[in-house]
Amino acid sequence: MKSLQKPLVLSMLSALAVMSGASNAAPVDGVYRATAQGMGGPLEVTIRVEAGKLAGVEVDASRETPGYGLEAGPEVAKRIAAAQTLEVDGVSGATVTSQAVKAAAEEAMRAAGLLEAQAARTLKPGEYLGRARGAKSDVEARVRVAADGSIEVLDVKTGDTPYLSDTAIREVVRAVTTQKSLSVDAVTGATLTSRGVTGAIADALEQAGADLAAWHKAPPKVEKTRGEALDADVVVVGGGAAGMLAALAAKTDGSLRPEKANDLKVVLLETKGYLGGDLTVCGGYVASYSGTSLNDRTGHSIDGKTVVEATLAMKSPEVAKMLNQDLAARVVDASGPAMATLMEEGWRVLPEDATRGAVLSPWGKDGFLHYTVARTSDPATGYRSGDSGYDTTSGSPAMASTLADIVRHAGVDVRLETSATDVTATKDKVEAVEVSDAKQVYRINAKAVVLATGYSGLDPDSIKRFYPSLEGVIRTGGAGVTSFAPKWVADHGGEIALNPASSTMLGYDAVLGIDGPESALYLTMAAPWVNARGERFMSEADNPYRYGVGEPDAKGVRSMWIEPGKGRPIGEVLKQPGKRAWMIFDANSPANAQKAHLAAAGLCVEADTLPELARRAGLPEDAFVKTIERYNTDAAAGGDTVFGAPASGMTPVLKAPFIAVRVSAVNTIANAAVHVADDFTILMGPEGSNARRIEGLFGAGGAIGNAITNSGLGAHNATAIGSGALAGAEAAKYAERN
């Protein structure tokens, strides 16, 4: 087996090169001008720098109101010059003009290097260790301040998900130290780690005596320029599992082996700062239906036809109507051989990852569809969450990183934090992709384009167009996903493949998602639930749908277990205001073990009395107290008189302090997608004799709706791999012909 695997560690010691911060260069003498919007229009401030100091400030306030801004502008400029700082009072009655003068003066002083020099002079030399909260752990940043006021970020440590946090550390440190500002953009897909890095650096700088208000001022906005157009044979939009497979297949004529790379120019665009998409945060699950060493280990394989039959047995009329059964079976059958090849090339999926999977399905005689699934076995290099379930916010970074290594090794041109803004086509034939990154917009002329943009997002525009009933539902995972493929088809007069059903379930928020140890609160613990009106709305007895992984058998193979839901249906939460509720616990509840973690995420409040708890949770005090008092009375009397819960399914709230934990409706998959033909060419409507093709435009993964079956944990990754491999090969053949 070839090894492209890299060790992933939880502490990112020395994860970045030493990077200099504030420059030790003195302010540059000269005249600097800047403008800002005043009350009467733009006003211009001119500053003069001599011997490294502010020698004069003048303002053209001729457009401002006489008696107010006209006189106030010069007065504020005079105060700035006298104080040698922007921290001066404005003129009463001329607030807008005063703020405009300060804003323009700030821009001019920054250009001259004055602000940087002033900030450096306030810092005390030494090394400082700053801390802040990241996504799932604290972030520590060690910062050195030199005698001249320059800073160096020496190293950063975090227990956040490896691979994702690598990108956040690298890019945020680079931005902070080059832009001399803490108000820098977070890395898409690693927002909380990014905030943790800036917070830890800020903490260190504050210890050094920095004026954080100055450091938090936004850096000058950089206007994007128009870059030169590029030429490519194949452009793949989206760097998740489907996109990576499509790019790899296009670059290797379908072989998926880097040593067989062809001469095609293949470009892979990814909005986030890393490749992997859902594969990075999939809980470490990838279905292996047949054809891999995983199947050999479990002794269980099924073919694509079986998976399609099981999907249809779910009796969803929308799925049955849109599904191309033969194409869907091909996708399933292609996934196993593709996975086997990737494993040979160094993809981090091992035989010991094999698990016997199961999913509820009326197709099976016992009510289940049984299959093989790869569940990452090594917490150090793959599965970070440490629990035995499915974790949407930790997952398997090693699966993503090693696959990304293979893609790069094949010679694919990977462009991160780069988004496709449009695909241009003339006479139903693709021509180019319009692209935007942090610095420029440009055009990539392409013979073939593959849209592997994932399942549809829950951004406001997607909700308005496709899922109005999901307004208020929180999307967990899928950062940066905005339904590019279905929106493009709809915007160009096509009909999308829409399955109104979606994977909406109980959870917390976009970060904590649906699992981890904190999920025990809503999965197993009996407690009163109240809505935003402070009222109960269902029987909280019994458990919702649950699943997990059992102990290994004699061969070392684990099996999934599933417990069908009996209570606490997500449908009841969806009916409540804001599609969320509060779980109420007292001091005796095991929920207290999670309260600090949940409070840090803004999901838990605590109080010594019920009225105070209501106020802190933002609930109507009287209604809430009456609800809990009646619940306690019913529990003591032997049963719920409102919703019929037995006393055995009730936990009274009696001992202070009390806690309230917010639970919400969260979504992992929304199913607005596009139709594709048998060769994965995107169609502008359902298949049929009148289906309009966009030649050279292909679809793969969750972006296509009529060829994807999602039967069980890890199924979406398997079908992404299968469809990506097939679509990429078709795109390469098309590009070679054209």
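All figures in this text were calculated on a predicted structure; none of them were measured in a lab. (Residues numbered from 1 in each chain as written. Predicted model: local features only at pLDDT ≥ 70, side-chain atom pairs only at ≥ 80, totals over all residues. Heavy atoms only, no water.)

1. Notes on the overall build of the protein
Across its full length, the protein holds 20 helices and 28 strands. With 738 residues in all, the protein has 56% of them scored as buried. When contacts within the protein are restricted to residue pairs at least 6 apart in sequence, those whose partners lie at least 24 apart make up 69%. Looking at the protein as shown, the accessible area adds up to about 29,400 Å², and 51% of this sits on carbon and sulfur atoms. (Helix = DSSP H or I, 4+ residues; strand = E, 2+ residues; numbered from the N terminus. Buried < 20%, exposed > 50% of the residue type's maximum accessible area, 1.4 Å probe, protein only. Contact = heavy atoms within 4.5 Å. Areas by Shrake-Rupley, 256 points an atom, 1.4 Å probe, with all protein chains shown as cover.)

2. Structural notes on the sheet that holds strand 2 (residues 30-37)
Strand order in this open sheet of three strands is 2-3-4, and the pairing throughout is antiparallel. In this open sheet, the two strands that pair with only one neighbour each are strand 2 and strand 4 (53-60). On average, adjacent strands in this sheet sit at an angle of 20 degrees to one another, irrespective of strand direction. Of the strand pairs in this sheet, strand 2 and strand 3 (residues 42-50) are connected by eight bridges, and their pairing is antiparallel. Pairing of Val31 across the sheet is with Arg48, part of strand 3. Running at roughly 145 degrees to strand 2, helix 2 (residues 95-112) makes contact with strand 2, strand 3 and strand 4 of the sheet. (Pairing = 2+ DSSP bridges. Axes fitted to C-alpha atoms, helices over the stretch in contact; angles between N-to-C directions.)

3. Side note on the pattern of salt bridges
Here the structure, examined in full by the defined rule, presents 38 salt bridges. Through salt bridges with shared partners, one network takes in Glu127, Arg142, Arg144, Glu152 and Asp155. (Salt bridge = Lys/Arg side-chain N within 4 Å of Asp/Glu carboxyl O.)

4. Considerations on the packing of helix 4 (residues 164-179) against helix 5 (residues 191-207)
Running from amino to carboxyl end, helix 4 crosses helix 5 at an angle of 45 degrees, the nearest separation of the two axes being 9 Å. On the basis of their axis angle, the class for helix 4 and helix 5 is oblique. The crossing of helix 4 and helix 5 is right-handed. Of the residues in helix 5, those in contact with Ser165, Ala168, Ile169, Val172, Val173 and Val176 of helix 4 are Thr193, Ser194, Val197, Thr198 and Ile201. Residue composition of the contact of helix 4 with helix 5, by class: seven nonpolar, four polar and no charged. (Parallel < 35°, antiparallel > 145°, perpendicular 65-115°, else oblique. Left-handed = near helix turned anticlockwise from the far one by under 90°. Nonpolar A, V, L, I, M, F, W, Y, C, P; charged D, E, K, R; others polar.)

5. Comments concerning the nonpolar core
Generally speaking, nonpolar side chains in soluble globular proteins are found buried as a group. Grouped together as the largest cluster of nonpolar side chains are 96 residues, with contacts concentrated most on Val235, Trp347 and Val449. No other element matches the nine residues that helix 7 (residues 241-251) contributes to this core. For Val235, the contacting residues outside a window of four places in its chain are Val267, Leu269, Val433, Ile444, Ala446, Ala448, Val449 and Val450. Listed in part, the 30 residues of the second largest apolar core include Leu205, Ala208, Ala210 and Trp215. (Core = buried A, V, L, I, M, F, W, Y, C linked by side-chain atoms within 4.5 Å.)

6. Some thoughts on helix 2
An ideal rise of 1.5 Å per residue puts 26 Å on 18 residues; helix 2 measures up with 26 Å between its terminal C-alpha atoms. If you check which residues of helix 2 are buried, you get Thr97, Ser98, Ala100, Val101, Ala104, Ala105, Glu106, Ala108, Met109 and Ala112. Trailing helix 2 by a residue or two, Gly113 shows a phi angle of about 90 degrees, which is positive. (Expected span 1.5 Å × (residues − 1).)

7. So, the pairing of strand 9 (residues 230-237)
Sheet faces and side chains relate simply in a regular strand, where the side chains alternate between the two faces. Of all eight residues that make up strand 9, six are buried, and the element is covered over most of its length. In terms of strand pairing, strand 9 meets strand 17 (residues 440-451) through seven bridges, oriented parallel. Directly across from Asp231, in strand 17, lies its bridge partner Asn445. The pairing of strand 9 with strand 10 (residues 266-270) spans four bridges and is parallel. The residue of strand 10 that forms the bridge with Val237 is Leu269.

8. Quick word on the packing of aromatic side chains
The full count for this structure, using the stated rule, is five aromatic pairs. With 6.1 Å between their ring centres and 40 degrees between their planes, Tyr289 and Tyr371 make a pair best called tilted. Placement of the pair is Tyr289 in the loop between strand 11 (285-288) and helix 8 (293-298) and Tyr371 in strand 13 (residues 368-375), with a sequence separation of 82 residues. Residue classification places Tyr289 among the buried residues on the basis of a relative accessible area of 1%. According to the relative accessible area criterion, Tyr371 is buried, its value standing at 1%. (Phe/Tyr/Trp six-rings, centres within 6.5 Å; stacked < 30°, edge-to-face > 60°.)

9. So, unusual backbone geometry
Cis peptide bonds are those with omega within 30 degrees of zero, and the linkage from Ala656 to Pro657 qualifies with 0 degrees. In this structure, Pro657 sits in the loop between helix 19 (621-637) and strand 25 (658-673). Positive phi, normally seen in glycine, also occurs at Gln84, with a value near 60 degrees. With respect to the element layout, Gln84 can be found in the loop between helix 1 (69-83) and helix 2. We note that Asp428 has phi near 60 degrees; this positive angle belongs to a residue other than glycine. The residue Asp428 is located in the loop between strand 15 (419-426) and strand 16 (429-436) in this model. Asp428 gets classed as partly exposed once you look at its relative accessible area, which sits at 27%.

10. Observations concerning the confidence of the model for the protein
On average, residues of the protein score 85 in pLDDT, and 89% of them are at 70 or above. In the predicted structure, residues 1-24 sits below a pLDDT of 50 and forms 70 contacts with residues beyond four places in sequence or in another chain. Note that residues 379-394 has pLDDT below 50 and, in this model, 68 contacts with residues that lie over four places away or in other chains. (pLDDT = per-residue confidence, 0-100.)

11. What to know about the side chain of Asn667
Topologically, Asn667 is positioned in strand 25. A polar contact is formed between the side chain of Asn667 and the side chain of Thr504, at a distance of 3.1 Å. (Polar contact = N/O pair within 3.5 Å; in protein donor to acceptor, adjacent residues only side chain to side chain.)

12. Things to note about the environment of Glu695
Tracing the chain through its elements places Glu695 in strand 28 (residues 693-699). Residues Glu695 and Thr681, spaced 14 residues apart in sequence, show a C-alpha to C-alpha distance of 6.7 Å. Those residues in contact with Glu695 that sit more than four places away from it in its chain are Asp428, Lys429, Val430 and Tyr734.

13. Points about the environment of Arg142
Residue placement: Arg142 occurs in strand 6 (residues 138-145). For Arg142, a relative accessible area of 28% gives the class partly exposed. Residues Arg142 and Val153, spaced eleven residues apart in sequence, show a C-alpha to C-alpha distance of 6.0 Å. Not counting the four nearest positions on each side in its chain, Arg142 is found in contact with Glu127, Tyr128, Leu129, Glu152, Val153, Leu154 and Asp155. A distance of 2.6 Å separates the side chain of Arg142 from the side chain of Asp155, its partner in a polar contact.

14. Considering helix 5
Between its first and last C-alpha atoms helix 5 spans 24 Å; for 17 residues at 1.5 Å apiece the expected length is 24 Å, and the two agree. Considered for burial, the residues of helix 5 that qualify are Thr193, Ser194, Gly196, Val197, Thr198, Ala200, Ile201, Ala202, Ala204 and Leu205. In this structure, the buried side of helix 5 is in contact with strand 5 (126-133), strand 6, strand 7 (151-158), helix 4 and helix 6 (212-215). Just past helix 5, the residue Gly209 takes up positive phi, approximately 95 degrees.

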